[in-house]
Amino acid sequence: MKITDEAEGTGPLIFGCVLDGKGGAAPIGRDEVDNWTPAHPGEVLWLHLRRHAPEVQPWLENDLGIPEPTAEFLVSDSTRPRALREGGAIAATLRGINFNEEAKPEDMISLQVWSDGLRLMTLRKAPMQTPRDVRAMLETGKGPTDAGSAITAIVEQLTVRMNQTIVDMNLRIDELDGMDVEEDHEEILPKITAIRRNCLALQRHMSPQHEALQSIARDAPEWFEDDDRREIEESIARLRRYIDDIEISKESALVLQDELRARSLASNEHATYMLTIVAGIFLPLGFLTGLMGINVGGMPGVDDADAFWIVSGICFAIIALQLILFWRWKWL
């Protein structure tokens, strides 16, 4: 199991810290947050919150001074990735791979982000790894130094974690490609269908996330520095590559699925063809034996002990003649 930002308790605050502007951070408690002001230049307050906690929205509006529409956006269950600017602040909904137990990675979970350059809020519903990773960087003194670099670090971690899911999916496609389609088709087809479904799910979230990151890079406020914009651009380029990789994976799965269906169809057609040939061979024999089996007077050979063998010889001769004709006509 991978470690996430899950913490005990049900309150709105998962953790809070104050970035010191040098790559480190100091923890801050719930009681110190409401009246917080920077003690030194360059300090930034970062609060990581439970989005679904009932007291989150009133706390954002009444105690932290975030406008009501923005607070509603940050706690909303509408989790399609998007970004917007509100004066000197930016707000965004981003999505990351779900690494929680018994969760499918393609069921991406959302992370709401808001910052005015002095304060940074991240909100989630399900536990995530990304905030914990960025916090671990701060604990070692190698973390982001301001709000802009913190946002770019979060975006980078969200984006990088998508890579492993795509690599794993490509490995599964390679594994299926090496299997015997004839013998393992019942096992391959459901796996291919699952891969295509996963690709569609990832594309559905990653494409709008690409647009959201472009919006951040294009419309970010002045406190978002040039280095931060370049980092966001790098994440945009990486995400674009991942989207292209997903498209290739989807096409590869489609090729495998088409090959499987084509082979299955060819096998069915071959079986039908062979049945048609057999029916064609026995059609004249059936006519002959049916004619010889009618129960009327005057049938030749009724009293002849050799009549059976004569009729059998005629049948075998007809079969041989048919096989020769079918071979010459390239039906066999």
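Structure first, text after, so check above.
Sequence order sets the numbering: in each chain, residues are counted from 1 along the sequence as written. In keeping with the model being predicted, local features are shown solely for residues with a pLDDT of at least 70 and side-chain atom pairs are shown and tallied solely at 80 or more, while totals for entire chains, interfaces and linings include all residues. To obtain the side-chain values, all non-hydrogen atoms of the structure were included, while hydrogens and water were left out.

Note on conventions: DSSP H or I runs of at least 4 residues are helices, E runs of at least 2 residues are strands, and numbering of each starts at the N terminus. Helix and strand counts for the protein chain come out as eight helices and seven strands. It is over C-alpha atoms that the radius of gyration is taken, and the globule rule equals 2.2 Å times the number of residues to the power 0.38. A globule of 332 residues ought to have a C-alpha radius of gyration of about 20 Å, yet the protein chain, at 35 Å, is considerably larger. For the protein chain, the spread of C-alpha atoms along the principal axes amounts to about 125 × 35 × 35 Å. Each residue is placed in one exposure class: buried if its accessible area under a 1.4 Å probe, protein chains only, is under 20% of its type's maximum, exposed if it is over 50%, and partly exposed if it falls in between. Looking at the 332 residues of the protein chain, the share that counts as buried comes to 42%. Here a residue-residue contact requires only that any non-hydrogen atoms of the pair lie within 4.5 Å. Contacts spanning at least 24 positions in sequence make up 68% of the contacts within the protein chain whose residues lie at least 6 apart. Accessible area for the protein chain stands at about 18200 Å²; split by element, carbon and sulfur atoms hold 55% of it. Charged-residue counts in this description rest on Lys and Arg as positive and Asp and Glu as negative, His and the chain ends being excluded. To locate a charge, the coordinates of NZ of Lys, CZ of Arg, CG of Asp or CD of Glu are taken. Here the protein chain contributes 33 positively and 54 negatively charged side chains, and the mean placements of these two sets differ by 3 Å. Per-residue accessibility takes into account occlusion by the displayed protein chains alone, with areas from the Shrake-Rupley method and a 1.4 Å probe.

Right, let's talk about the environment of Asn 98 for a bit. Here Asn 98 shows up in the loop between strand E5 (89–96) and strand E6 (109–115). Judged by its relative accessible area of 9%, Asn 98 falls in the buried class. Sequence spacing of Asn 98 and Met 128 is 30 residues, and the spatial spacing of their C-alpha atoms is 7.3 Å.

Along the chain, the position of Pro 127 falls in the loop between strand E7 (119–124) and helix H4 (130–139). The buried category is assigned to Pro 127, whose relative accessible area is 15%. Here the alpha-carbon distance between Pro 127 and Ile 109, two residues 18 residues apart in the chain, equals 8.7 Å.

In space, the seven strands of this open sheet follow the order E2-E1-E3-E7-E6-E5-E4, with mixed pairing throughout. Looking along the sheet, the strands with just one partner apiece sit at the ends: strand E2 (25–27) and strand E4 (82–86). Between one strand axis and the next, the sheet turns through 20° on average, direction left out of account. Here, any two strands with at least 2 DSSP bridges between them count as paired. Note: strand E3 (residues 44–50) against E7, six bridges, orientation parallel. Counted as the bridge partner of Leu 47 is Met 121 from E7. In this analysis, axes come from line fits to C-alpha atoms, helices being fitted only over the stretch in contact, and the angle between any two N-to-C directions falls in the range 0 to 180 degrees. Along the sheet, helix H3 (residues 68–75) makes contact with E4, E5, E6 and E7, crossing E6 at roughly 155°.

It is worth spelling out the packing of aromatic side chains at this point. Working definition: rings of Phe, Tyr and Trp (its six-membered ring) pair if their centres are within 6.5 Å, and the pair is stacked with planes under 30 degrees apart, edge-to-face with planes over 60 apart, and tilted otherwise. For the structure on display, the rule yields two aromatic pairs. Relative to Trp 46, the ring of Phe 15 lies with its centre 5.1 Å away and its plane at 85°, an arrangement referred to as edge-to-face. Placement of the pair is Phe 15 in strand E1 (residues 13–19) and Trp 46 in strand E3, with a sequence separation of 31 residues. Here Phe 15 matches Trp 46 in class, with each residue buried. On the numbers, 5.9 Å between centres and 65° between planes, the contact of Trp 223 with Phe 224 is edge-to-face. For Phe 224, a relative accessible area of 1% translates into the label buried. Two conditions define a charge sitting above a ring: the NZ of Lys or the CZ of Arg must be within 6 Å of the ring centre, and it must be within 35 degrees of the ring normal. The ring centre of Trp 59 lies 3.8 Å from the NZ or CZ of Arg 30, which sits over that ring. In this arrangement the basic side chain of Arg 135 is found over the ring face of Phe 15, its NZ or CZ atom lying 4.5 Å from the centre.

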